[in-house]
Amino acid sequence: MLAKKINRLLVANRGEIAIRIFRAATELGIRTVAVYSEQDNVSIHRFKADESYLVGAGKGPIEAYLDIDSIIEIAKRNDIDAIHPGYGFLAENAEFAKRCQEEGIIFIGPSPDLIDKFGDKVEARAMAVEAGIPVIPGTPEPIESLQEALLFAKEYGYPIIIKGVSGGGGRGMRIVRGQEELQDALDRARSEARSSFGNAKVYLERYLEQPKHIEVQILGDQHGQIVHLFERDCSVQRRHQKVVEVAPSLSLDDKLREEICQAALTLMSKAGYANAGTVEFLLTPDKKFYFIEVNPRIQVEHTITELITGIDIVQAQIRVAEGHRLSDPEIGIASQADIHMSGYAIQCRVTTEDAENNFLPDAGRLSAWRSGGGFGVRLDGGNGYPGAIITPFYDSLLVKISTYGNSFDQAARKMLRTLREFRIRGVKTNLPFLENVVTHPDFLSGEYDTSFIDTKPELFV
Ligand code: ADP
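The rules behind each value
- Residues numbered from 1 in each chain as written.
- Predicted model: local features only at pLDDT ≥ 70, side-chain atom pairs only at ≥ 80, totals over all residues.
- Helix = DSSP H or I, 4+ residues; strand = E, 2+ residues; numbered from the N terminus.
- Rg over C-alpha atoms; globule rule 2.2 N^0.38 Å.
- Buried ≥ 20, exposed ≤ 12 C-beta atoms within 10 Å, placed from the backbone.
- Contact = placed C-beta atoms within 7 Å.
- Expected span 1.5 Å × (residues − 1).
- Axes fitted to C-alpha atoms, helices over the stretch in contact; angles between N-to-C directions.
- Parallel < 35°, antiparallel > 145°, perpendicular 65-115°, else oblique.
- Left-handed = near helix turned anticlockwise from the far one by under 90°.
- Nonpolar A, V, L, I, M, F, W, Y, C, P; charged D, E, K, R; others polar.
- Near = placed C-beta within 6 Å.
- Arc of directions from axis to C-beta.
- Pairing = 2+ DSSP bridges.
- UniProt positions renumbered as here; feature names shortened; annotations may be inferred.
- Core = buried A, V, L, I, M, F, W, Y, C linked by C-beta atoms within 7 Å.

> Can you walk me through the overall build of the chain in this structure?
Looking only at helices and strands, the chain features 15 helices and 22 strands. Here the C-alpha radius of gyration of the chain, 21 Å, is about what a compact globule of 461 residues would show, namely 23 Å. Burial analysis of the chain (461 residues in total) assigns 50% to the buried set. A sequence separation of at least 24 residues applies to 65% of the contacts in the chain between residues at least 6 apart.

> What is the right way to look at helix H1 (residues 15-27) in this model?
Counting along an α-helix, one turn takes 3.6 residues, and residues three or four places apart therefore face a common direction. Its 13 residues give H1 an end-to-end C-alpha distance of 19 Å, which sits within 8% of 18 Å, the value for a rise of 1.5 Å per residue. The buried fraction of H1 is high, at ten of 13 residues. Buried within H1 we find Gly15, Glu16, Ile17, Ala18, Ile19, Arg20, Ile21, Phe22, Ala24 and Ala25.

> Would you explain the packing of helix H8 (residues 146-156) against helix H9 (residues 179-197) in this entry?
It is at 10 Å that the axes of H8 and H9 come closest, and there the two elements cross at 140 degrees. Comparing their axes, H9 and H8 come out oblique. Note on packing geometry: the crossing formed by H8 with H9 is right-handed. Packed against H8, whose contacting residues are Leu146, Ala149 and Ala153, the element H9 presents Gln179, Leu182, Gln183 and Leu186 at the interface. Partitioning the contact of H8 with H9 into residue classes produces five nonpolar, two polar and no charged.

> What is the right way to read the site of the ligand from this model?
The full set close to the ligand counts 20 residues, and Glu205, Leu208, His213, His240 and Thr450 are the nearest of them. Residue assignment for the shell around the ligand shows that the elements contributing at least two residues are strand E12 (275-283) and strand E13 (289-295). Among the residues forming the shell around the ligand, the class breakdown is eight nonpolar, eight polar and four charged.

> Would you mind showing me how to read helix H13 (residues 408-421) here?
The first and last C-alpha atoms of H13 sit 20 Å apart over 14 residues, in line with the 20 Å expected at 1.5 Å per residue. For H13, the complete set of buried residues consists of Ala411, Ala412, Lys414, Met415, Thr418 and Leu419. Projected down its long axis, H13 shows its buried positions confined to an angular sector of 160 degrees, all on one face. Residues of H13 that are exposed and point more than 90 degrees away from the buried face comprise Asp409 and Arg420. Here the buried face of H13 lies against strand E14 (344-351), strand E19 (377-380), strand E21 (397-405), helix H14 (431-438) and helix H15 (441-445).

> Which parts of the structure should I look at to understand the pairing of strand E6 (residues 160-164)?
In regular strands, side chains alternate between the two faces of the sheet. Across the five residues that make up E6, a large majority, four, are buried. Note: E6 against strand E7 (residues 174-176), three bridges, orientation antiparallel. Pairing of Ile161 across the sheet is with Ile175, part of E7. Across five bridges, the pairing between E6 and strand E8 (residues 202-206) is antiparallel. Opposite Ile161, over in E8, you have Glu205 as the bridge partner.

> Just to check I follow, could you spell out the environment of Val227 for this structure?
Examined against the element boundaries, Val227 turns out to sit in strand E10 (residues 226-238). For Val227, a count of 23 C-beta atoms within 10 Å gives the class buried. Sequence spacing of Val227 and Gln262 is 35 residues, and the spatial spacing of their C-alpha atoms is 9.4 Å. Those residues in contact with Val227 that sit more than four places away from it in its chain are Leu219, Leu326, Ile333, Gln336 and Ile339.

> Before we go on, may I ask you to explain the UniProt feature "active site" (unreviewed entry) in the chain in this structure?
Listed under "active site" (unreviewed entry) in the UniProt record, and renumbered for this structure, are Arg297. The residue Arg297 is located in the loop between E13 and helix H11 (302-309) in this model. Dropping the residues within four chain positions of it, Arg297 is found in contact with Pro85, Tyr87, Ala91, Glu92 and Gly109.

> Sorry if this is basic, but what is going on with the nonpolar core here?
Ala264 and Phe281 are the most contacted members of the largest nonpolar core, which has 85 residues in total. When residues in this core are grouped by element, the largest group, eight residues, is from helix H10 (residues 254-271). If we ignore the near neighbours within four places in the chain, the residues touching Ala264 are Val216, Ile218, His228 and Val279. One finds Ala412, Met415, Leu419 and Phe433 within the second-largest nonpolar core, a separate group that totals 38 residues.

> In this structure, what is going on with the environment of Gly138? I would like to understand it.
Of note, Gly138 is situated in the loop between helix H7 (121-130) and H8. Sequence spacing of Gly138 and Arg125 is 13 residues, and the spatial spacing of their C-alpha atoms is 8.9 Å. Every residue in contact with Gly138, bar those within four places of it in the chain, is listed here: Arg125, Tyr203, Leu204, Glu205 and Arg206.

> Just to check I follow, could you spell out the packing of helix H5 (residues 94-102) against helix H6 (residues 112-119) for this structure?
Between two packed helices, the angle of one axis relative to the other and the distance separating the axes together describe the packing. Packing of H5 against H6 leaves a shortest axis separation of 8 Å and a crossing angle of 180 degrees. When the interaxial angle is binned, H5 and H6 end up roughly antiparallel. Every residue of H6 that contacts H5 at Ala94, Ala97, Lys98 and Gln101 is listed here: Pro112, Ile115, Asp116 and Gly119. Of the residues contributing to the contact of H5 with H6, the split by class is four nonpolar, two polar and two charged.

> Just checking my understanding: could you explain unusual backbone geometry for this structure?
Keep in mind that most residues, glycine aside, have a negative phi and that most peptide bonds are trans. In this structure, Pro159 follows Tyr158 across a cis peptide bond, with omega equal to -5 degrees. Within the secondary structure layout, Pro159 lies in the loop between H8 and E6. With an omega of -10 degrees, the peptide bond between Ala247 and Pro248 qualifies as cis. If you check the backbone angles, His240 has positive phi at about 65 degrees while not being a glycine. Assignment of secondary structure puts His240 in the loop between E10 and strand E11 (241-247). Not every positive phi belongs to a glycine, and Asn275 is a case in point at roughly 85 degrees. Tracing the backbone through its elements, the reader meets Asn275 in strand E12.

Listed below in structure tokens is the structure:
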């Protein structure tokens with residue numbers, strides 16, 4: 001039984017993810033609708049949709065895509081059945097999801113209640129504890145005073161990491177290595193959390209040295225069936241932000257893979273999670289894993305999971321949102337046993353960041369744009385073409401390159417070949433830096449953790 005067939009889909013986002021979603025929808029016979037800010041007047045995502053409408057007139061470049069009233073108004077005026085929020089912007093805004101529901105528009109994502117719960121990292125930790133999943137020692141509540149922090153340090157020792165309760169994108173975290181730093185770090189973390197997320201609440205966790213970041217892709221329907229699509233290794237990070245992702249991880253044997261995927265499934269099935277979501281863990285050098293957070297949305301790096309499983313996650317999101325069961329022929333996952341992974345995939349995020357200049361984002365007109373491509377190479381982009389103007393208003397992602405090979409080595413060779421094939425002139429990019437990453441012996445052997453970039457000055461030459 002279908003809740004509602006989606007005929008007209010609006011994507012409340014821009015750039016590569018908007019285009020990714022339009023492509024998925026078009027293949028399903030769904031008419032696609034873009035919204036664009038005044039600053040995105042000539043952005044490609046607007047032309048990749050069947051229809052496009054100006055959103056947030058008179059507002060700033062970011063504010064336009066956060067303008068709930070304007071988006072809902074466009075949706076109602078244009079007979080929209082469903083809204084996909086992509087990632088960032090309104091993707092984790094429970095109020096927006098609720099508003100869609102109230103207006104009779106399908107929000108393609110989990111329920112507002114779960115967005116709310118997982119959006120609060122302290123609450124998410126509590127849910128993980130409840131589900132019997134290992135969490136990093138941390139404060140069970142946000143902390144108010146230096147006294148509480150001192151007490152935690154006394155019990156668990158240093159280093160400690162201070163994290164915003166509503167944090168995201170690796171921002172606003174502070175590592176504290178001794179008591180003398182604590183007060184200052186707390187003050188800074190709070191004010192950063194307030195200005196970045198509008199919520200000054202912070203909590204503490206034990207800081208793990210040199211962990212790997214392993215995350216499990218989950219897909220659930222609205223009828224209680226839930227599966228995992230194996231893991232991604234996102235340990236290649238700069239300032240706690242992912243740069244290169246790999247699926248599957250070279251650091252898990254079958255037993256550990258099964259354990260970590262089962263832990264993710266347990267948490268999400270207890271929560272009654274529907275749609276696509278990701279459970280993130282840290283894995284210590286002695287191979288113990290700990291929950292850190294849930295991302296209740298599609299992620300930037302979902303492409304590599306699609307490559308190793310053959311499952312179109314965005315199409316599955318749309319079908320699940322229509323009310324389909326995972327086991328329906330439209331999705332075709334009768335049980336976990338139907339999901340197989342084969343080969344290896346790597347994703348590189350090509351950005352306009354200048355690695356030689358502290359990764360400062362560059363902007364300007366692209367005087368040359370020649371893409372790499374070929375067998376086993378997937379490109380998710382849209383902003384790049386000769387003459388395109390890259391504005392400084394949005395995130396600096398130009399194109400995501402995902403490569404697939406039967407072995408990790410083959411996927412890495414394809415990545416190197418593709419990175420070298422690209423010619424982008426007019427703005428600085430991180431292409432040379434990415435080349436250094438994917439040819440580094442530690443990357444190729446899988447011997448890397450979240451400190452990889454910060455401890456390898458040779459990547460920056
Ligand atoms: P965000 O939501 O901002 O992305 P996360 O909680 O997902 O924050 O953490 C992002 C990254 O920060 C992790 O992948 C890891 O590199 C680092 N990190 C977070 N918590 C810890 C911790 N307790 N110990 C060590 N590193 C951590």
